2 protein chains.
Amino acid sequence: MKHITIKDVAKKLNVSISTVSRAFNDKYDIKKETRDLILQTAQELGYRPNPIARKLIQQRSFNIGIVVPEFENSFFPQIMLGAQEVLHNKGYQVLIMQSNYSWEIERKNVETLVDNMVDGLIISLTSEKQNNEYYKELLKQDIPIVFFNRAVDEIPASKVLFDDFKWALFATEHLIMQGYRDIVHLTGTHNLTLTKNRLRGFEQAHRKHKLPPGKIISCGFKMEDGERIAQELIDRNEIPRAIFAANDSCAIGAMNVFKQHGYKIPNDIAIVGFTESKLAKHTYPSLTSVEQPTRDIGQTSANLLLEQIENKGFFVPQTIILNGRLNVRDSSIKIK
Amino acid sequence: MKHITIKDVAKKLNVSISTVSRAFNDKYDIKKETRDLILQTAQELGYRPNPIARKLIQQRSFNIGIVVPEFENSFFPQIMLGAQEVLHNKGYQVLIMQSNYSWEIERKNVETLVDNMVDGLIISLTSEKQNNEYYKELLKQDIPIVFFNRAVDEIPASKVLFDDFKWALFATEHLIMQGYRDIVHLTGTHNLTLTKNRLRGFEQAHRKHKLPPGKIISCGFKMEDGERIAQELIDRNEIPRAIFAANDSCAIGAMNVFKQHGYKIPNDIAIVGFTESKLAKHTYPSLTSVEQPTRDIGQTSANLLLEQIENKGFFVPQTIILNGRLNVRDSSIKIK
DNA sequence: ATTTTTATCGGAAACGTTTCCGATAGTTGT
DNA sequence: ACAACTATCGGAAACGTTTCCGATAAAAAT
């Protein structure tokens, strides 16, 4: 069973292919009756315009590409849901690829997406260096891109970000106001802007409350990282009174190890996480965490991208910073 | 800055476009030196063959489409990781779309993927009815598809499935052997084969151990479903001794409500879930659950699809059923 | 009644490739 | 030395559309 092409329906009705094409696209230049006739017989024959051919000549696809590092943690999935919502409404389809935290794969992802002539890209960077030149090149070629979550100043594109500094400050302040001192910060992956900002927030909170600087331990974003650090702290008998972790996975990893060793949360050690994960509500005790407006991030990114697509050429990059929320739970309740 | 096409590099070297094309594709019919020269100058010019045009004529894309209902629960993401692994190795790129549990969106997803000329599709059905005719049509057009997780007999395609019956039986048996009686089954979404199979397993376990049939409550797959049912049971004061839920979300929802009302897990109520979610390890108490071999499902699906692509035309659909594991945790430990 | 406009359509080029067919020149065999 | 082959390349059709340009006939204007 071969593909049914525009020629088949043209032949069937003894009209030219231009006319059939017009039936599908033009608003004028075609009689209403012939249009209806064509549309109807096309339907009967099961004809669908081949978008590959269409792309080739129109140079646009009504497809949007999204590239994220992973989607195991419901953070990115929720963002994608938000983006998909507004994109679908505008008639765009969403193609998703995951880079697996590898910048090489990310590069390949973006390349295939571009090769498939997506009209725009929404990207969360895996590396803050490796592909920068490539992205600059893409932007020069006038391909609309908006970055979210992770971005670099160096790349002149639209971004939607989270105020990591502010919310890290709030989170730390929360611990301080609950009466905790001797707070340790477990940082995220090294060299990431977002890591640095959370760290800055942590430090600022101490300064603001005239406390001596808190201890900083380089950790990482994975659960194993948190487990490892907790174990080290126990081994060295350097148990802090409270922990502010750069994300939830790391916080939960640490919490588990501490619990296994008989420490009570929060009575012995209070813990606050970051980037509300699905787990936070269900751990024991439940984990206090900063929640990012995931759906909003997705929607805002999508809207920014659409704007950019429509005003191609003379669009000035914007950076939008969104607000979050601190979900206070059992892991950091007040000291008695 | 315009796209650089094959013509540009042909002109630059005073060769024909056929020769350039051959440089990129043929193994013979071209002198080694010219090939190297062409490849090199192509590189310098920044030329990349336009896959859209290539698709148009070759009718293949080296892209594979995956359609899943969602990816918030790490079940599908892990499967996709597995699939991506083997597909990347074979030079395929993976395009992902989410149907959001809507068969209309699923339909649109598949259509755009097909329109984009993916070489094959990996799909987890959202509805067991609505799109059946459409899928049959696609198969008639010789488009390779493999279904996983959810599938229907009616569609003659390859499938990789889980033995829901067997593992529901094991899970129930586990509760029985731990000494629990008066076990209630919270079923999944109505009418799904997978729901029926888990139910059958639950019943079979009772028969096998010569117990009176267990109580069955129609529930659903979401956390709210579990919460609702638990609340109802409490209101009616019909507290069971143990629960086998059709999935983890539902199990956790119920567990939370019971806990809030002062019931102890497992001392008052034991609980077993299904389809190991990331949460299971971290709830309090940790949740016993049947783990599906997610990565394996992805890999197997991909391999099946590749086989099918290579033997297009004379390929007989296979159904592969994979094995799981029962992760015993605190929520179902032995009665004292 | 003749000219001008309008509505509707067909022809053909274009998008960027691949691939079949044939041309040319050099190489081998007899 | 002549036929037959081989290696290497160019020309052109094809993939399935869109779109520009022009053609035709009917409608409107003069």
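Residues numbered from 1 in each chain as written. Chains lettered and ligands numbered in written order. Predicted model: local features only at pLDDT ≥ 70, side-chain atom pairs only at ≥ 80, totals over all residues. Heavy atoms only, no water.

Caption draft 1: Helix α12 (residues 294–310) of chain A, seen in detail. Residue and element names in this part refer to chain A. With 17 residues, α12 should reach 24 Å at 1.5 Å per residue; the first-to-last C-alpha distance of 25 Å fits that figure. All of the buried residues along α12 are T294, I297, G298, T300, S301, A302, L304, L305, L306, Q308 and I309. The inward-facing, buried residues of α12 abut β1 (63–68), α5 (75–89), β3 (120–123), β4 (145–148), β5 (158–162) and β11 (319–322). (Helix = DSSP H or I, 4+ residues; strand = E, 2+ residues; numbered from the N terminus. Expected span 1.5 Å × (residues − 1). Buried < 20%, exposed > 50% of the residue type's maximum accessible area, 1.4 Å probe, protein only. Contact = heavy atoms within 4.5 Å.)

Caption draft 2: A look at the protein's contact with DNA strand D. Around DNA strand D, 29 residues are found, and the nearest of them are I6 and S21 of chain A together with T19, D29 and K31 of chain B. The sugar-phosphate share of atoms of DNA strand D within 4 Å of the protein amounts to 57%. At a separation of 3.0 Å, a phosphate oxygen of DNA strand D approaches a polar side-chain atom of N25 of chain A. Interatomic distance of 2.8 Å between a backbone N/O atom of K31 of chain B and a phosphate oxygen of DNA strand D. Contributions of two or more residues to the surface near DNA strand D are made by α1 (6–13), α2 (17–25) and α4 (51–58) of chain A together with α2 (17–25) and α4 (51–58) of chain B. When residues of the surface near DNA strand D are assigned to their parent elements, the largest contribution, five residues, is made by α2 of chain A. When grouped by side-chain class, the residues that make up the surface near DNA strand D number 10 nonpolar, 12 polar and seven charged. (Near = heavy atom within 4 Å. Polar contact = N/O pair within 3.5 Å; in protein donor to acceptor, adjacent residues only side chain to side chain. Nonpolar A, V, L, I, M, F, W, Y, C, P; charged D, E, K, R; others polar.)

Caption draft 3: Broad picture of the interface of chain B and chain A. Between chain B and chain A, the contact holds 47 residues from the first and 46 residues from the second. Contact between chain B and chain A buries roughly 4,400 Å² in total, counting both sides, with carbon and sulfur atoms accounting for 58%. Of all residues in chain B, I52, E72 and H282 of chain B give up the largest surface area on contact with chain A, accounting jointly for 16% of the area buried on that side. Linking chain B with chain A are four salt bridges, by the criterion used here. One salt bridge connects R48 of chain B with D115 of chain A, and the closest N-O pair in it is separated by 2.5 Å. On the surface where chain B and chain A come into contact, there are 14 residue pairs in polar contact (both at pLDDT 80 or more). Of the residues in the side of chain B that touches chain A, the class split is 20 nonpolar, 18 polar and nine charged. (Buried area = accessible area lost by both parts, 1.4 Å probe. Salt bridge = Lys/Arg side-chain N within 4 Å of Asp/Glu carboxyl O.)

Caption draft 4: Spotlight on the relation of the copies chain B and chain A. For the pair chain B and chain A, the best superposition has an RMSD of 0.1 Å and corresponds to a rotation of 180° with a translation of 0.1 Å parallel to the axis. Accordingly, the operation relating the two chain copies is best matched by a two-fold axis. The share of interface residues of chain B whose copies in chain A are also at the interface is 98%, consistent with both copies meeting through the same surface. (Least-squares fit on C-alpha atoms with pLDDT ≥ 70 in both.)

Caption draft 5: Main features of the domain arrangement of chain A. Residue and element names in this part refer to chain A. Split by domain assignment, chain A resolves into domain 1 (6–49), domain 2 (61–162 + 294–322) and domain 3 (164–292 + 326–332). Each of domain 2 and domain 3 was reduced to a C-alpha centroid, and the two centroids are 30 Å apart. Between domain 2 and domain 3, the residue contacts involve 10 residues of the former and 14 residues of the latter. Taken over both partners, the interface formed by domain 2 and domain 3 buries close to 1,100 Å², and the fraction arising from carbon and sulfur atoms is 52%. Taken together, domain 2 and domain 3 are joined by zero salt bridges. Summed over the shared surface of domain 2 and domain 3, the number is three residue pairs in polar contact (both at pLDDT 80 or more). The residue makeup of the side of domain 2 that touches domain 3, split by class, is four nonpolar, four polar and two charged. (Domains from an automatic or database assignment.)

Caption draft 6: Broad picture of the pairing of strand β7 (residues 215–218) of chain A. Residue and element names in this part refer to chain A. In this structure, strand β6 (residues 183–187) lies alongside β7, joined through four bridges in parallel fashion. Looking across to β7, one finds that T187 is bridged to S218. Viewed along the sheet, the connection from β6 through helix α9 (residues 193–208) into β7 turns out right-handed. (Pairing = 2+ DSSP bridges. Right-handed = clockwise from strand over helix to strand, strands pointing away.)

Caption draft 7: How the structure looks around the nonpolar core. The biggest cluster of nonpolar side chains holds 50 residues, and the ones touching the most others in it are L87 of chain A together with L87 of chain B. With near-sequence residues (within four places) excluded, L87 of chain B lies in contact with I64, Y92, V94, A302 and L306 of chain B. Counting residues in each nonpolar core, the second largest holds 48 residues, with I252 of chain A together with F258, I269 and A280 of chain B among its members. (Core = buried A, V, L, I, M, F, W, Y, C linked by side-chain atoms within 4.5 Å.)

Caption draft 8: Spatial organisation of the pattern of salt bridges. Evaluated as defined, the whole model comprises 32 salt bridges over all chains. One salt bridge connects E276 of chain A with R329 of chain A, and the closest N-O pair in it is separated by 2.9 Å. In this pair, E276 of chain A sits in the loop between β9 (270–274) and β10 (288–291) while R329 of chain A sits in the segment after β12 (325–327), placing the two residues 53 residues apart along the sequence. By the burial criterion, E276 of chain A is buried, and R329 of chain A matches it. E203 of chain B is the partner of R207 of chain B in a salt bridge, and the nearest nitrogen-oxygen pair spans 4.0 Å. Taken together, the residues R207 of chain B and E203 of chain B, both in helix α9 (residues 193–208) and four residues apart, mark about one turn of the helix. Residues joined in a network through salt bridges with shared partners are R48 of chain A together with R107, E111 and D115 of chain B.

Caption draft 9: Region of interest: the packing of aromatic side chains. Going through the model one piece at a time under the given rule, you end up with 26 aromatic pairs over all chains. Ring geometry for Y134 of chain B against Y135 of chain B: centres 5.8 Å apart, planes inclined by 50°, an arrangement best described as tilted. With a centroid separation of 6.3 Å and an interplanar angle of 20°, the aromatic rings of F202 of chain B and F244 of chain B are classed as stacked. On the criterion of sequence distance, the pair formed by F202 of chain B in helix α9 and F244 of chain B in strand β8 (residues 242–245) is long-range, its members being 42 residues apart. Overall, the relative accessible area of 0% leaves F202 of chain B in the buried class. Grouped by ring-pair contacts, the aromatic residues F162, W167, F170, F202, F244 and F274 of chain A constitute a single cluster. (Phe/Tyr/Trp six-rings, centres within 6.5 Å; stacked < 30°, edge-to-face > 60°.)

Caption draft 10: Examining the sheet that holds strand β8 (residues 242–245) of chain A more closely. All names here are of chain A. The six strands lie next to each other as β7-β6-β8-β9-β10-β12, forming an open sheet whose pairing is mixed. Each edge of the open sheet is held by one strand with a lone partner, namely β7 and β12. Pairwise comparison of adjacent strand axes, ignoring direction, gives a mean angle of 20° for this sheet. The pairing of β10 with β12 spans three bridges and is antiparallel. The residue of β12 that forms the bridge with V290 is L326. Each of β6, β7, β8 and β9 touches α9; the most contacted strand, β6, lies at about 170° to it. (Axes fitted to C-alpha atoms, helices over the stretch in contact; angles between N-to-C directions.)

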